[in-house]
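Given next are the chains, with one letter for each unit.
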Amino acid sequence: QVYLRQSGGGLVQAGGSLRLSCATSGINFRIHTMAWHRQAPGKEREWVSSITSSGTTNYTDSVKARFTISRDNARSTVFLQMTNLKTEDTGIYSCQTFWRGRNYWGQGTQVTVSS
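Residues numbered from 1 in each chain as written. Predicted model: local features only at pLDDT ≥ 70, side-chain atom pairs only at ≥ 80, totals over all residues. Heavy atoms only, no water.

### Regarding the pattern of salt bridges
Scanning the model with the defined rule gives 5 salt bridges in all. Note that Arg-38 and Glu-46 form a salt bridge whose closest N and O atoms lie 2.6 Å from each other. Classification of Glu-46 as partly exposed rests on a relative accessible area of 32%. The partner of Arg-66 in a salt bridge is Asp-89, and the shortest N-O contact between them spans 2.7 Å. Here Arg-66 is found in the loop between strand S6 (57-59) and strand S7 (67-72), whereas its partner Asp-89 is found in the loop between strand S8 (77-82) and strand S9 (91-99), with 23 residues between them in sequence. Taking relative accessible area as the criterion, Asp-89 reaches 1% and is therefore assigned buried. (Salt bridge = Lys/Arg side-chain N within 4 Å of Asp/Glu carboxyl O. Buried < 20%, exposed > 50% of the residue type's maximum accessible area, 1.4 Å probe, protein only. Helix = DSSP H or I, 4+ residues; strand = E, 2+ residues; numbered from the N terminus.)

Shown next, in the form of structure tokens:
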């Protein structure tokens, strides 16, 4: 079975930093594109960032230069380092990958940025 287990997140003041982790099992992690998404209160879930198997990264415009996605293939884990956090970054963050015709999601973790 495929599992994506998230850790990290929490409450931080604006301007602070947090790091999210997503440890996977049940997949050949090295070949997978991994992504982070978030859902703000009252809004649709949105894509935040992704990293391909070769390490190519992409970010939504609102987090560029503040968030960094990375991966550790030896630990089958993807990370999201978030710096200079803003109140509008508040939401539930979820990691995601696609395999054999379906999406797999982490359990979600709350990130709350206070002003």
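Now that the structure has been shown, we can carry on.
### Overview of the packing of aromatic side chains
Here a ring pair, both rings aromatic, is described through the centre-centre distance and the interplanar angle of the planes. Counting across every chain of the model gives 1 aromatic pair. Between the aromatic rings of Trp-99 and Tyr-104, the centroid separation amounts to 6.5 Å while the plane-to-plane angle is 50°, which identifies the pairing as tilted. Its end group placed over the ring of Tyr-104, Arg-102 keeps NZ or CZ at 3.9 Å from the ring centre. (Phe/Tyr/Trp six-rings, centres within 6.5 Å; stacked < 30°, edge-to-face > 60°. Lys NZ or Arg CZ within 6 Å of the ring centre and 35° of its normal.)

### Some thoughts on the state of the cysteines
Inspection of every chain in the model, using the stated rule, returns 1 disulfide. The side chain of Cys-22 participates in a disulfide bridge whose partner is Cys-95; the two sulfur atoms lie 2.1 Å from each other. Here Cys-22 and Cys-95 share a disulfide; its torsion about the S-S bond, 65°, makes the bridge right-handed. Separated by 73 residues along the polypeptide, Cys-22 in strand S3 (residues 18-25) and Cys-95 in strand S9 bring together distant segments of the chain. Cys-95 matches Cys-22 in its accessibility class, with the two residues each being buried. (Disulfide = S-S within 2.5 Å.)

### Considerations on the sheet that holds strand S1 (residues 3-8)
If you trace the 4 strands from one edge of the open sheet to the other, you get S1-S3-S8-S7, paired in antiparallel fashion. Because the sheet does not close on itself, it has two edges, and the strands there are S1 and S7. Across the sheet, the axes of successive neighbouring strands diverge by a mean angle of 15°, strand direction being ignored. In the sheet, S1 pairs with S3 via 6 bridges, with the strands oriented antiparallel. Along S3, the bridge assignment pairs Gln-6 with Cys-22. (Pairing = 2+ DSSP bridges. Axes fitted to C-alpha atoms, helices over the stretch in contact; angles between N-to-C directions.)

### So, the pairing of S9
Pairing between strand S4 (residues 34-39) and S9: 5 bridges, direction antiparallel. Across the sheet, residue His-37 finds its bridge partner in S9, namely Ser-94. Two strands pair when backbone bridges link them, and S9 and strand S11 (residues 109-114) are joined in this way by 3 bridges, in the antiparallel orientation. Residue pairing in the sheet places Ile-92 in a bridge with Gln-110 of S11. What sits between the antiparallel neighbours S9 and strand S10 (residues 102-105) is a turn of 2 residues, in which Arg-100 has the positive phi angle 50°.

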